[in-house]
Amino acid sequence: MTQDNDFEKYLEKMLSDSISSLNPSKEAKDKARKLSPTYFADLKEKLLIEYEGKQLKDIMECKTSTNSCGEYLKITTKEKINFNIEDNNFKNQINNNLKLLPKIGLKTEEKLKNKGYTTIESLKKHDRYSDIALKFTNDLEDMSYLELINLLDNNKYSKKCRDNILKSISLKEPEDFKFMDIETKGLSNVPIILIGVAEIKGSKIISSQYFLRNYTEEANIIEAYLSHLDEDSVHVTFNGKTFDVPFIKNRCSYNRIKADLNLPHLDLMYFAKNLWGDKLPNCQLQTIEKELFQIERHEDVPGQYIPGYYDTYIEKNNIGPVVPIIEHNCQDIISLASFLDKMYREVN
C-alpha cells in the first residue's frame, strides 16, 4: 500500500510539472511563461523603460580604445575565483598509458603489463615494441600542447582515456586559458555583436567583453579579441568547436583580418556529457550552473531572441535590450572557468 501511495505522489508531481496537466504547479506555469514570446516582448519593453536615457558606462565599467581597425568599446568585470590546477605529474601518467602507441589496445596493454612492461619507457627493451616506444618518447619531448591533446583526442581509445585531456591542463599556466563565448545576429554569415573572453589573473578572473555599438565596428571588436591570444593560449568554450571559433574565422575572412585561431581547444560540452551526463537532466550550460553550482539566472534572454533585442537597441538607441545579453555573456565565460576547475578536480 505504501508503494502505491508513493507512486501516486510521484505521478502527481510529474503531471503537475507539465503545463498541459489539469493542475499544473507554479513552477510549471513560471517555466511556460518564461518560454513564451509574450514574456520576452514584455521584458524588452520593461528594459526600454528602465534604461531610457542611460549609457553602458553608467552601469558597467567601460572604456573606449582604438586599434588598427578603429575604435571599440571594452567592458571589464573582475571577480574573485578559486581556480587551482595542482600538479598531477601528467607526463608520468602518459608514460603509463601503453594504448597511446600504435597497435596496442586494451588486451595487449593488459598482457604487456602482466609481463612487467608497465610503462612506455620500459617497452624500449621489448623485442617488438622497442622502436615505436623510442620514437614516441622522443616525439613527446618536442610536442606542442596542441599536438599532445590532438594525440590524446585522436587515439581510438580516447573515449576510455578522455579524462587524460582534462588531466593534461596541468601542463599549462592558468593565464593561458581563454574562456570565450560570442553572441551573434544569427547562425551564419551575420555579424558578431559581442565577444567575451575571461582570463585568470592570480586569485581573480577578469572578463573583457567587446560590444558592437554599430555594424561598422565588427572588425574592431574582433581585432580587440585577437589581442588576447598568443602562442601559449588555449581556447576554453562550451560548444565552441562547432560554433564560436568557426564563426570567428568566418567573420575574420569577411572583414579581411588575418588570424591564426588554430589553437588548442577545450570544448567543455563534450567533457560535461562524459562526466555528468548520467547525473543531470541535460548537459546544457545553464543546467550545469543550476544543478552543480547553484547559479540561478534571472531575466536571461535565450539565443533566439538576441537578434531582435539587438535590432531594438539599434532602432531605439536604448541600451536596455542589450544589458541582459551582456550579462548573459559575462556569466557564460566566468562559469566556464568554474566548470574546468571542477572537472579537473574530479578526474584527478
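First things first, this report covers the structure right here in the doc. Note that the structure is a prediction, hence the values are computed from the model and not measured. (Residues numbered from 1 in each chain as written. Predicted model: local features only at pLDDT ≥ 70, side-chain atom pairs only at ≥ 80, totals over all residues. Heavy atoms only, no water.)

Turning our eyes to something else, we now look at the sheet that holds strand β2 (residues 70–80). One key point about sheets: their strands pair by backbone hydrogen bonds, in either a parallel or an antiparallel sense. Taken together, the 7 strands give an open sheet; going across it, the order is β1-β2-β5-β4-β3-β6-β7, and neighbouring strands pair in mixed fashion. Two strands bound the open sheet, and with one partner strand each, they are β1 (61–67) and β7 (265–267). With strand direction ignored, the average angle separating the axes of adjacent strands in the sheet is 25°. For strand β3 (residues 177–184) and strand β6 (residues 234–237), the ladder comprises 3 bridges, and the chain directions are parallel. Counterpart to lysine 178 in the pairing with β6 is histidine 235. Here helix α12 (residues 244–254) sits on the sheet and contacts β3, β4 (192–201), β6 and β7; the angle it forms with β3, its principal contact strand, is near 70°. (Pairing = 2+ DSSP bridges. Helix = DSSP H or I, 4+ residues; strand = E, 2+ residues; numbered from the N terminus. Axes fitted to C-alpha atoms, helices over the stretch in contact; angles between N-to-C directions. Contact = heavy atoms within 4.5 Å.)

Here we take up the pattern of salt bridges. This model, assessed by the stated rule, comprises 16 salt bridges. Here glutamate 121 makes a salt bridge to lysine 124, at a shortest N to O gap of 2.8 Å. Taking the relative accessible area as the measure of exposure, glutamate 121 reaches 39% and is therefore partly exposed. Here lysine 185 makes a salt bridge to aspartate 311, at a shortest N to O gap of 2.4 Å. Here lysine 185 is found in the loop between β3 and β4, whereas its partner aspartate 311 is found in helix α15 (residues 306–316), with 126 residues between them in sequence. Take lysine 185: its relative accessible area is 18%, and that puts it in the buried class. Among the charged side chains, a network of salt bridges with common partners joins Glu289, Arg297, Asp300 and Asp332. (Salt bridge = Lys/Arg side-chain N within 4 Å of Asp/Glu carboxyl O. Buried < 20%, exposed > 50% of the residue type's maximum accessible area, 1.4 Å probe, protein only.)

Looking now at the packing of helix α14 (residues 285–293) against helix α16 (residues 323–347). One can describe the packing of α14 onto α16 by two numbers: an axis separation of 11 Å at closest approach and a directional angle of 55°. With respect to each other, α14 and α16 are oriented oblique. For the pair α14 and α16, the sense of crossing is left-handed. Residues Leu285, Gln286, Ile288, Glu289, Leu292 and Phe293 of α14 pack against His328, Gln331, Asp332, Ser335, Leu336, Ser338, Phe339 and Lys342 of α16. When grouped by side-chain class, the residues that make up the contact of α14 with α16 number 6 nonpolar, 5 polar and 3 charged. (Parallel < 35°, antiparallel > 145°, perpendicular 65-115°, else oblique. Left-handed = near helix turned anticlockwise from the far one by under 90°. Nonpolar A, V, L, I, M, F, W, Y, C, P; charged D, E, K, R; others polar.)

Under the defined criterion, the tally for this structure stands at 14 aromatic pairs. Ring centres of tyrosine 215 and tyrosine 310 lie 5.8 Å apart, and the angle between their planes is 65°; this geometry places the pair in the edge-to-face category. A residue pair is termed long-range when its members are at least 10 positions apart, and tyrosine 215 in the loop between β5 (204–211) and α11 (218–226) and tyrosine 310 in helix α15 qualify at 95 residues. Judged by relative accessible area, tyrosine 310 falls into the buried class, the value being 0%. (Phe/Tyr/Trp six-rings, centres within 6.5 Å; stacked < 30°, edge-to-face > 60°.)

The next thing to look at is the pairing of β4. Every regular strand shows the same layout, with side chains that alternate between the two sheet faces. Burial of β4 is extensive: 9 of the 10 residues sit out of reach of the surface. Taken together, the 6 bridges between β3 and β4 define a ladder with antiparallel strand orientation. For phenylalanine 179, the partnering residue across the bridge sits in β4 and is alanine 198. In terms of strand pairing, β4 meets β5 through 8 bridges, oriented antiparallel. The residue bridging alanine 198 from the neighbouring strand is serine 207, located in β5. Hairpin geometry of β4 and β5 is characterised by an intervening segment of 2 residues between the two adjacent antiparallel strands and by a positive phi of about 65° at glycine 202.

This part takes up α12. Taken residue by residue, α12 has Asp244, Val245, Phe247, Ile248, Arg251 and Cys252 as its buried positions. Axial view of α12: buried residues confined to an arc of 155°, hence all on one face. What points out from α12, more than 90 degrees from its buried face, is the exposed set Ser253 and Tyr254. Of the surrounding secondary structure, the elements contacted by the buried residues of α12 are β3, β4, α11, β6 and β7. Taken from the residues just after α12, arginine 256 is the one with a positive phi, measuring 55°. (Arc of directions from axis to C-beta.)

Within the secondary structure, isoleucine 221 is located in helix α11. Taking the relative accessible area as the measure of exposure, isoleucine 221 reaches 0% and is therefore buried. Separated by 11 residues in the primary sequence, isoleucine 221 and tyrosine 210 have C-alpha atoms spaced 5.5 Å apart. With residues near it in sequence (within four places) discarded, isoleucine 221 still touches Tyr72, Ile192, Ile193, Leu194, Ile195, Tyr210, Phe211 and Leu212.

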